[in-house]
Amino acid sequence: MDEFKACDLDYFPENILIDVLAYLSVRELVRAGRVCKRWKRLVKDQRLWRFVDLTAWKGVTSRILWLLLRQYLGCGLRCLRLRGLLLSARGGTFLSESWLKALSTKCPRLSKLYLLHADLRGLPSCQLLPASLQVLELRGCELPREFFNQTLAPPARSHERAEATSSAGAVQPGRQRKGKAPGSLSGIGIGRLVLNNVPSFTDQHLQSLTSWERLSRLELRDTFRVTANGLRSCAAKSGVCEVEGLSRLKFLEIGITGRQGYQLQMASLGLGAGWLGLEELSLGGKEVGPGLLCASRLKDLKGLCLWACTLSEMQVVRSCRMLRGLSRMEFLDVTFQPKQCPPVLEGEGGGSGEEENNEDAAGAENSNDENNTVDMNNPIPSLRRSLAVLLPSCTLVFTNCSVQISAD
């Protein structure tokens, strides 16, 4: 026992200590770095700063962000989650242009950024975000009108072009083929954009996304100001020379689940014009009904997900008759309406004698009828059989689904 009492954390290998420190939050890590010099060095190990979540730390100001960036954040950072001051009584500037530029320089491998309740109206454009970002998720944020616009690179002056031509000579054409052409768009490398409860997101922002060259996944949740006309104008369609609109988009999610009493825009009706190259569609809440009516126009659709809604078996079957190319269909948190069976009429007159003779046979079948009652009231097994006939090569997934119980 005396040997165990004499042991302390100084005898532990540094790899084990780093694994233990990985269970601490960011605020606890900063405090642990004040224990001793060894812990201060261990806390700065980049293995502890790959996934940084500051959403639970209330009252994070720009001063704290600068402190974390200068002392702890580095090339190991992959994912960063921040909570803004939009709902805070303190207020103040949260993300500045200088901090974002320093973040891009010091954290070149940052691929995912999550912003919660952040006021981004002080930023002119999303091009100030790190160029290494692949995933951008905004929840409850405020956006300026031209936040998603891409600005043109400033054109070179005439005398600068002449000097470059005389100095580079024949080497310049080869360099231009490798790099970007002068005056081209400075491309945004974000491939997945998630907007959750962003009321300031409008059709103008959606139109700005058509200039993004790598956007392949777009998720719109509770974006109440997006209309069917806005979605229809951004849909990928054949143009004069090439495909116009969001041509690289492969996954689209549209869902309205909150805010009762608002004017329903039914943005999913914009899918009725078709969408070239769209392979996966996710519909949720009040957008499921209009979206199912237009899903048959999506010729390249392979996956369909319906979530947080109430459906009937007939509604699903009618919509899937035109979706022969589906390979996967998922129901998530869906409430199914029970089948409405016609009432059984009782016999009249001389049928009473036959009913008495058949009482024994009916009593023997009562057990089978009770077993079939569950199947009659539950439309999920019947829906599986119907979809198996319509879509034989489609995989069906039911997750956390239920059956609505009527008052009768």
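Rules of the game
Residues numbered from 1 in each chain as written. Predicted model: local features only at pLDDT ≥ 70, side-chain atom pairs only at ≥ 80, totals over all residues. Heavy atoms only, no water. Salt bridge = Lys/Arg side-chain N within 4 Å of Asp/Glu carboxyl O. Buried < 20%, exposed > 50% of the residue type's maximum accessible area, 1.4 Å probe, protein only. Patch = residues over 30% accessible without salt bridge, like charges linked within 9 Å, V, L, I, M, F, W, Y side chains within 5 Å. Areas by Shrake-Rupley, 256 points an atom, 1.4 Å probe, with all protein chains shown as cover. Lys, Arg positive; Asp, Glu negative; His and termini not counted. Charge placed at Lys NZ, Arg CZ, Asp CG, Glu CD. Helix = DSSP H or I, 4+ residues; strand = E, 2+ residues; numbered from the N terminus. Polar contact = N/O pair within 3.5 Å; in protein donor to acceptor, adjacent residues only side chain to side chain. Axes fitted to C-alpha atoms, helices over the stretch in contact; angles between N-to-C directions. Parallel < 35°, antiparallel > 145°, perpendicular 65-115°, else oblique. Left-handed = near helix turned anticlockwise from the far one by under 90°. Contact = heavy atoms within 4.5 Å. Expected span 1.5 Å × (residues − 1). Arc of directions from axis to C-beta. Core = buried A, V, L, I, M, F, W, Y, C linked by side-chain atoms within 4.5 Å. Phe/Tyr/Trp six-rings, centres within 6.5 Å; stacked < 30°, edge-to-face > 60°. Lys NZ or Arg CZ within 6 Å of the ring centre and 35° of its normal.

## A short note on the pattern of salt bridges
In total, this model carries nine salt bridges according to the counting rule given. Across the pair R217 and E219 runs a salt bridge, and its minimum N-O distance is 2.8 Å. Taking relative accessible area as the criterion, E219 reaches 1% and is therefore assigned buried. Residues R328 and E330 are paired through a salt bridge, measuring 3.8 Å at the closest nitrogen-oxygen approach. A relative accessible area of 41% places R328 in the partly exposed class. Beyond isolated ion pairs, a larger network of salt bridges with shared partners links R192, R217, E219, R221 and E253.

## With respect to a positive patch on the surface
A surface patch of positive charge is lined by K37, K40, K44 and K106. With a relative accessible area of 44%, K40 lands in the partly exposed category.

## Describing the side chain of Q150
Counting through the fold element by element, Q150 comes out in the loop between β4 (135-139) and α7 (158-168). Only 3.1 Å separates the side chain of Q150 from the backbone nitrogen of I188, close enough to count as a polar contact. In this structure the side chain of Q150 is engaged in a polar contact, spanning 2.5 Å, whose partner is the backbone oxygen of S211.

## Describing the packing of helix α5 (residues 62-71) against helix α6 (residues 97-106)
Viewed as axis vectors pointing N to C, α5 and α6 meet at an angle of 20 degrees, and their least axial separation amounts to 11 Å. As judged from the angle between their axes, α5 and α6 are roughly parallel. The way α5 lies across α6 gives a crossing that is left-handed. The segment α5 lies against α6, with L65, W66, L69, R70 and Q71 engaging S98, W99, A102, L103 and K106.

## Brief notes about the environment of E313
Considering the arrangement of structural elements, one finds E313 in helix α12 (residues 313-320). Measuring from C-alpha to C-alpha, the distance between E313 and Q337 comes to 7.5 Å, with 24 residues separating the pair along the chain. Setting aside anything within four residues of it in sequence, one finds E313 in contact with K339, P379, S382, L383 and S386.

## Structural notes on helix α16 (residues 379-390)
Residues spaced three or four apart along an α-helix point in a common direction, a consequence of the helix completing one turn every 3.6 residues. Over its 12 residues, α16 runs 16 Å from end to end, which matches the ideal 16 Å to within 8%, given 1.5 Å per residue. Along α16, the residues classified as buried are P379, I380, S382, L383, L387 and L390. In a view along the axis of α16, the buried residues occupy a sector of 155 degrees, so they form one face of it.

## Points about the nonpolar core
L138, F148, F201, L209, W275, M329 and F331 are the most contacted members of the largest nonpolar core, which totals 102 residues. Not counting the four nearest positions on each side in its chain, F331 is found in contact with L306, L311, V316, F336, L383, L387, V397, F398, T399 and C401.

## Regarding the packing of aromatic side chains
Summed over all chains, the structure comprises seven aromatic pairs. Ring geometry for F331 against F398: centres 4.9 Å apart, planes inclined by 10 degrees, an arrangement best described as stacked. Taken as a pair, F331 in strand β12 (residues 328-336) and F398 in strand β13 (residues 395-399) lie far apart in primary sequence, 67 residues in all. No difference in accessibility class separates F331 from F398, as the two residues are buried. Grouped by ring-pair contacts, the aromatic residues F147, F148, F201 and W212 constitute a single cluster. Looking at R81, its charged tip hangs above the ring of Y114, at a distance of 4.0 Å from the centre.

## Focus on unusual backbone geometry
A positive phi is found at D222, a non-glycine position, where the angle reads about 55 degrees. Within the secondary structure, D222 sits in the loop between β6 (217-221) and α10 (228-234). We classify D222 as buried; its relative accessible area is 11%. Positioned with a positive phi, D333 is a non-glycine residue whose angle comes to about 55 degrees. Examined against the element boundaries, D333 turns out to sit in strand β12.

## Examining a nonpolar patch on the surface
On the surface, F12, I16 and V20 cluster together into a nonpolar patch covering about 260 Å² of accessible area. Assignment of secondary structure puts V20 in helix α2 (residues 14-21).

## A few points about the side chain of S319
Structurally, S319 can be placed in helix α12. There is a polar contact of 3.0 Å between the side chain of S319 and the backbone oxygen of Q315.

Limitation: the analysis is restricted to geometry and does not speak to function.
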